[in-house]
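Architecture and fold: a report
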Amino acid sequence: MNPFMSYVGSKRDLAQTITRLFPAQIADYREPCVGSGAVFFELSGRIGQALLADANPHVTNLYRYVRAAPVSLMGLVDEHWHRHDASTAAGETGPAHYYYRVRGQGLVPTLQGAARMLYLNKKGFNGLFRFNRKGLWNVPIGHGKRPVYDRANLMACSGAISRVATVITEDVALVLDLAPTGAFVYVDTPYWGQFSQYTAGGFSEDDHRRVAAACERAAQRGVNVVVSNSWCAETLALYGGWQVRRVLSRRSVSCRADGRGYEEELLAWKGAGIVPLPETDVRIGDAARDAEVPDGTGTGTTGRRPRGGGRLLRRSSPEGLYERVQADSEQGPDAAGPHSTSPA
């Protein structure tokens, strides 16, 4: 079962590694930034009950109609699909004209709005999921010819949501604060220093600090918490005292296919019920497991500093030790091990 949405930051490639942290049976699972739901769908057969939340009401609206009316949803999406591909529709000049007309209609909390969301998501540029400050979808049209959905997969997703999940629109920190002792929570906010316009308000550095504090409060109550974020000094400082591993994932968005290399991400967890990963670094996929990050330098760095001042950790030896890449105004790198949680 795969996610029914395309989503920048989706954990589809990492889901099998992340779910190793969870036990064979999960009575209460909560995901406060559900997005594409890759981890939920990978875990769904193990879950007794789930709470799926997102701060974006258009995401949760789509989930509700995938759960409650998948056949009607697919029927409306089919209409969009056929009109998109009809290059000579009356008064229209091709797919781009139709895409931008639908985008201009806006998204509403109805079945029709859910169908527009899925159509725009699949026909937009390279899986980009972006809203402007007015809350309007502003992704340009893409160039792919892939179908908008896979019927069997969407029905399987509908069944998984229907069996175990409640869907709500809510702030991530509040979902964490309401999680009961013994629950398992997977937190996948926008990443530090990277694209964050998944909602009209975006996601700031203060939001990261607020969520990290909520994660710590939940862990102190006996909630089992797993977190994904950028691998940089700031996030290592936020989750100091947590178990952390470095994971390697593919970048999914670039205007050039050869720009979609690998990025290093933080995987952090705290909780008595979590199944720890090995102490060694975690590499994702057979081809990537022993690979350097392909930047052409041989250093293993992704070759770019996150926007917003985030400091990448760069490979400094074949053994995988890391040094912090300091801002230009700072004097030299500080040495750090691959699992260091000390702040820069």
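The coordinates are above.
All residue numbers here refer to positions counted from 1 along the written sequence of the relevant chain. Per-residue local features are limited, in this predicted model, to residues with pLDDT of at least 70; the limit for side-chain atom pairs, both in listing and counting, is 80 or more; totals at the level of whole chains, interfaces and linings are taken over all residues. Here the side-chain values reflect all heavy atoms present in the structure, with hydrogen atoms and water set aside.

A count of helical and extended segments in the chain gives 11 helices and 10 strands. Residue contacts are defined here by distance: any two heavy atoms, one from each residue, within 4.5 Å place the two residues in contact. Here the contacts in the chain between residues at least 6 apart in sequence split such that 65% fall between residues at least 24 apart. The method behind every accessible area is Shrake-Rupley, applied with a 1.4 Å probe, and residues are considered shielded solely by the protein chains displayed. With the model as given, the accessible surface of the chain reaches about 15,100 Å², and the carbon-plus-sulfur share is 51%. Labels follow the DSSP assignment, with helices taken as runs of H or I lasting at least four residues and strands as runs of E lasting at least two, numbered in each case from the N terminus.

Turning our attention to the packing of helix α5 (residues 95-105) against helix α6 (residues 111-123). Here α5 crosses α6 at 135°, and the two axes come no closer than 10 Å. By the angle between their directions, the pair α5 and α6 is classed as oblique. Every pair of crossing elements has a handedness; the one defined by α5 and α6 is left-handed. Touching Tyr 98, Tyr 99, Val 102, Arg 103 and Gln 105 of α5 are Arg 116, Tyr 119, Leu 120 and Lys 123, all from α6. Its residues placed into classes, the contact of α5 with α6 shows 5 nonpolar, 1 polar and 3 charged. Here, axes are lines fitted to C-alpha atoms. For helices the fit covers the stretch in contact, and angles between N-to-C directions go from 0 to 180 degrees. Any angle from 65 to 115 degrees is called roughly perpendicular, while one under 35 is roughly parallel, one over 145 is roughly antiparallel, and all others are oblique. Left-handed describes a crossing whose near helix is turned anticlockwise from the far helix by less than a right angle; the clockwise case is right-handed. For this classification, the nonpolar set comprises Ala, Val, Leu, Ile, Met, Phe, Trp, Tyr, Cys and Pro, the charged set comprises Asp, Glu, Lys and Arg, and every other residue, Gly included, is treated as polar.

Salt bridges are defined as contacts in which a side-chain nitrogen from Lys or Arg sits within 4 Å of a carboxyl oxygen from Asp or Glu. Scanning the model with the defined rule gives 8 salt bridges in all. Here Asp 206 ties to Arg 209 by a salt bridge, and the two come within 3.0 Å at their closest N and O atoms. Here Asp 206 pairs with Arg 209, and both are found in helix α9 (residues 205-220), just 3 residues apart, close to one helical turn. Residues joined by salt bridges that share partners form a network here, namely Asp 171, Asp 207 and Arg 210.

Bringing α5 into the picture now. Owing to its 3.6 residues per turn, the α-helix brings residues three or four apart onto one side. Note on classification: 1.4 Å probe, protein chains only; a residue is buried when its accessible area is under 20% of the maximum for its type, exposed when over 50%, partly exposed between these limits. Within α5 the residues assigned to the buried category are Tyr 98, Tyr 99 and Val 102. End-on, the buried residues of α5 take up no more than an arc of 100°, which puts them together on one face. Note on α5: the residue one or two positions beyond its end, Gly 106, has a positive phi of about 80°. Taken from the helix axis, the directions to the C-beta atoms give the arc we talk about.

With their axes 7 Å apart at the nearest point, helix α4 (residues 70-85) and α5 run at an angle of 140° to one another. Classified by the angle between their axes, α4 and α5 sit oblique to one another. Of α5, the residues touching α4 (which contributes His 80, Arg 83 and His 84) are Pro 95, Tyr 98, Tyr 99, Arg 101 and Val 102. Tallied by class, the residues present in the contact of α4 with α5 amount to 4 nonpolar, 2 polar and 2 charged.

Another aspect to go through is the side chain of Arg 116. Mapped onto the elements of the fold, Arg 116 is located in helix α6. In this tally, Asp and Glu contribute negative charge and Lys and Arg positive charge; neither His nor the terminal groups of the chain are included. Despite its burial, Arg 116 remains without a salt bridge, the nearest opposite charge being carried by Glu 79 at 10.0 Å. When residues no more than four places from it in sequence are discounted, the contact partners of Arg 116 are His 80, Val 102, Gln 105, Gly 106, Leu 107 and Val 108.

As a further point, take empty space enclosed by the protein. Definitions used throughout: a 1 Å grid over protein atoms alone; a cavity as a set of points that fits a 1.4 Å probe which cannot get out; a pocket as an open set with protein on both sides within 12 Å along at least five of seven lines; a lining residue as one with an atom within 4 Å of a point. Grid points are joined across faces, edges and corners, and a volume is the space filled by probe spheres set on the points. Using the criterion set out here, one finds 2 cavities of 30 Å³ or more in the structure. The computed volume of the second largest cavity comes to approximately 30 Å³. For the lining of the second largest cavity, the secondary-structure elements that each account for two or more residues are α9 and β5 (224-230). In terms of residue count, α9 provides more of the lining of the second largest cavity than any other element does, 3 residues in total. In terms of residue class, the lining of the second largest cavity is built from 5 nonpolar, 3 polar and no charged.

This paragraph deals with α9. Expected span of a helix, by definition, is 1.5 Å for each gap between consecutive residues, and there is one gap fewer than residues. For α9, built from 16 residues, the straight-helix expectation of 22 Å at 1.5 Å per residue is met to within 8% by its first-to-last C-alpha distance of 23 Å. Along α9, the residues classified as buried are Asp 207, His 208, Val 211, Ala 212, Ala 214, Cys 215, Ala 218 and Ala 219. Mapping the buried residues of α9 onto a view down its axis gives an arc of 160°, with all of them on the same face. Opposite its buried face, α9 presents the exposed residues Asp 206 and Gln 220, each directed more than 90 degrees away.

The next subject is the packing of aromatic side chains. Here a pair means two rings of Phe, Tyr or Trp (six-membered ring of Trp) with centres within 6.5 Å. Their orientation is stacked below 30 degrees between planes, edge-to-face above 60, and tilted elsewhere. With the rule as written, the count across this model stands at 10 aromatic pairs. Both rings, one in Phe 4 and one in Phe 41, keep their centres 6.1 Å apart while their planes meet at 70°; by these two values the pair is edge-to-face. One end of the pair, Phe 4, is in the segment before α1 (15-18); the other, Phe 41, is in helix α2 (residues 38-43), with 37 residues separating them in the sequence. With relative accessibility at 4%, the residue Phe 41 sits in the buried group. Ring geometry for Phe 22 versus Phe 184: centroids 6.0 Å apart, planes at 50°, classification tilted. One end of the pair, Phe 22, is in the loop between α1 and β1 (26-31); the other, Phe 184, is in strand β4 (residues 184-187), with 162 residues separating them in the sequence. Taking the relative accessible area as the measure of exposure, Phe 22 reaches 4% and is therefore buried. Assessed through its relative accessible area of 7%, Phe 184 is described here as buried. Taken together through their ring pairs, the aromatic side chains of Phe 4, Phe 22, Tyr 29, Phe 40, Phe 41, Tyr 63 and Phe 184 make up a single cluster.

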